[in-house]
2 protein chains.
Amino acid sequence: MEVVSTTGELRTAVAAARRANKSVGLVPTMGALHEGHLSLVDASRAECAWTVVTIFVNPLQFAANEDLSNYPRPIGDDLAKLRLRGADLVFTPTDDEMYRIAHGTFVDVGVVARPLEGAFRPSHFRGVATIVLKLLNLASADRAYFGQKDFQQTLVVKRMVADLNVSVEIRVCPTVREADGLALSSRNAYLSPDERRQALAISRSLREAKAMVTGGERNAASVLVRMRAILAEAGITQIDYVVLADPETLENQSKISGPTLAAIAARIGSTRLIDNELIEPSPEP
Amino acid sequence: MEVVSTTGELRTAVAAARRANKSVGLVPTMGALHEGHLSLVDASRAECAWTVVTIFVNPLQFAANEDLSNYPRPIGDDLAKLRLRGADLVFTPTDDEMYRIAHGTFVDVGVVARPLEGAFRPSHFRGVATIVLKLLNLASADRAYFGQKDFQQTLVVKRMVADLNVSVEIRVCPTVREADGLALSSRNAYLSPDERRQALAISRSLREAKAMVTGGERNAASVLVRMRAILAEAGITQIDYVVLADPETLENQSKISGPTLAAIAARIGSTRLIDNELIEPSPEP
């Protein structure tokens, strides 16, 4: 496994893979790798001859009040995991390598970036879109892999790729969970044991929503009341959103009539967590 | 010469050229082709094995009060000129082909897009950057060719390409002029004979600036007074800007100490024209 940290080295390695007619898979990460990330590496290796993993804690997608400086950076562990998992190249640039002093260009994707995460983290998706486009350009990837846990991010990236005619296929892989339902997240490392128990109410609430809708419930308000009740019972009070939304437009649903995204963002202590479930309602009786 | 109008056809043709190991040159235009555009085709053919010319009047770079609907579209003449000049492929998409209903993504390049044209055409460069990035992605070009007449546009494109790690070389070719000095522009077609005579004062003013600075003048204010006087003598009163600026940052110069951009934007009747000269001052005595 090759590890490089400059764009020049990355381009050289990509060009060599291209010359060898290898298809290229890109797995963009911020490191602190868990099985969710590693499942993306597996997916890329299954489809692509050469897999590039990038590890870069992108300052552009953090607001001033967010956890940029505390974000975990266990680079040694990350490289060991990627080596075991069979990544071909790891790109670990510095901030200066990705954003030169004069950097001035930003990519905005419009309406799909505005609700949910966009409403609570106003410049987040502009930072995501900009760095993902840079990495797609550098890696010249045939396919790029993202986790469903960051569902809105996958919509933002797909919209950008379609609108800007970027020649890459975007693959979305299922959220990986602990046995008790907690969605894997690098930010779970911030949780105390008590907070971790409390956080379980998020996935429990989403499972309950799924059970209600697949059981025939069509009234979104009824489902949302139950979802909020589960969070409240667990003592979760700092809720950014609990929604049932159209999974393409992210518009809130009042009557559930097709595929639906159930999504939650909440703070457990000082840790902000997000999770979601895609729900396919049972056919009308 | 192949002429295609869908992104799919363009991608197929590009892939074939790539498979044949041909280097690809891109000449993005809005049509109404003149010798300025055709000199870019020549430059591409001299350096690249396969030259793509795009003809698309990009609605995104026109403001509501501008000349989008009147912009000349002599497509038959354009194709004849390109055939004579040896273009390999011409891409002539419709608006719908380039911007789907759901299009939401825009590229902003920051400070270099804000003064001069950016100040008078606030969303112009966002439209330029977005369409150029789309065309670069579609054509997968090794080199792309732009005219110096749209000097700020070349800075915007270079900044975008550097900031987003787009793998392309941007080439800037000299402004092509009529024998009497008028810079070629598709918008010259709007000028009446009287207006055309009046418009000559723009290039005359720029030549005078160049003569003064290469003659040793270092005080920008003195040069600007003379430039404005030449425009005034010709009866040009609708002036958007007359500047001497740093050709990298576009910041106004007060003392001229290195390479300098002299640039003018003015309206002749209802036709807005721009022109510029890059000036290398004589060495200090």
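Remember, predicted model here, so these are calculated numbers, not experimental data.

Trainee: Quick question: what am I supposed to make of the overall build of chain A here?
Mentor: Helix and strand content of chain A: nine helices and ten strands. Taking 2.2 N^0.38 as the reference for a compact globule, 285 residues should give roughly 19 Å; the C-alpha atoms of chain A span a radius of gyration of 19 Å, in line with that estimate. For the C-alpha atoms alone, the extent of chain A along its principal axes is close to 55 × 40 × 40 Å. Classification of the 285 residues of chain A by burial places 42% in the buried group.

Trainee: I would appreciate a short explanation of the pairing of strand β7 (residues 169-173) of chain A in the present structure.
Mentor: As a general feature of sheets, a regular strand has side chains that alternate between the two faces. All names here are of chain A. The alternating pattern of β7 places I170 and V172 on a buried face, while none of E169, R171 and C173, on the opposite face, is buried. Looking at chain direction, strand β6 (residues 143-147) and β7 are connected through five bridges and run parallel. Within β7, the residue paired with G147 across the bridge is C173. Where the polypeptide runs from β6 across helix α7 (residues 151-163) and back to β7, its parallel neighbour, the crossover connection is right-handed.

Trainee: Explanation requested: the confidence of the model for chain A in the structure shown.
Mentor: In regions of low pLDDT, the predicted coordinates are not meant to be interpreted in detail. Chain-level statistics for chain A give a pLDDT mean of 97 and a share of 99% at 70 or above. Both scores are given for the predicted complex: the pTM is 0.97, the ipTM 0.96.

Trainee: In this structure, what is going on with the relation of the copies chain B and chain A? I would like to understand it.
Mentor: The operation linking the two copies of the chain is a rotation about an axis combined with a translation along the axis. After a rotation of 180° and a shift along the axis of 0.0 Å, chain B superposes on chain A with an RMSD of 0.0 Å. The two molecules are tied by a two-fold rotation axis, judged by turn and shift. The rotation axis passes nearest to the C-alpha of V107 of chain B in chain B, at a distance of 2.4 Å.

Trainee: How do you make sense of the sheet that holds strand β10 (residues 271-279) of chain A when you look at a structure like this?
Mentor: In any sheet, the strands associate via hydrogen bonds between backbone groups, in a parallel or an antiparallel arrangement. Residue and element names in this part refer to chain A. What the three strands build is an open sheet, ordered β8-β9-β10; its pairing is antiparallel. Sheet topology places β8 (238-245) and β10 at the edges, where each strand pairs with a single neighbour. Each strand of the sheet is rotated relative to its neighbour by a mean of 10°, with strand direction disregarded. The pairing of β8 with strand β9 (residues 260-268) spans seven bridges and is antiparallel. Looking across to β9, one finds that A245 is bridged to L261. The strands touched by helix α9 (residues 220-233) are β8 and β9; relative to β8, the strand with the most contacts, the crossing angle is about 150°.

Parameters and conventions
- Residues numbered from 1 in each chain as written.
- Chains lettered and ligands numbered in written order.
- Predicted model: local features only at pLDDT ≥ 70, side-chain atom pairs only at ≥ 80, totals over all residues.
- Helix = DSSP H or I, 4+ residues; strand = E, 2+ residues; numbered from the N terminus.
- Rg over C-alpha atoms; globule rule 2.2 N^0.38 Å.
- Buried ≥ 20, exposed ≤ 12 C-beta atoms within 10 Å, placed from the backbone.
- Pairing = 2+ DSSP bridges.
- Right-handed = clockwise from strand over helix to strand, strands pointing away.
- pLDDT = per-residue confidence, 0-100.
- Least-squares fit on C-alpha atoms with pLDDT ≥ 70 in both.
- Axes fitted to C-alpha atoms, helices over the stretch in contact; angles between N-to-C directions.
- Contact = placed C-beta atoms within 7 Å.

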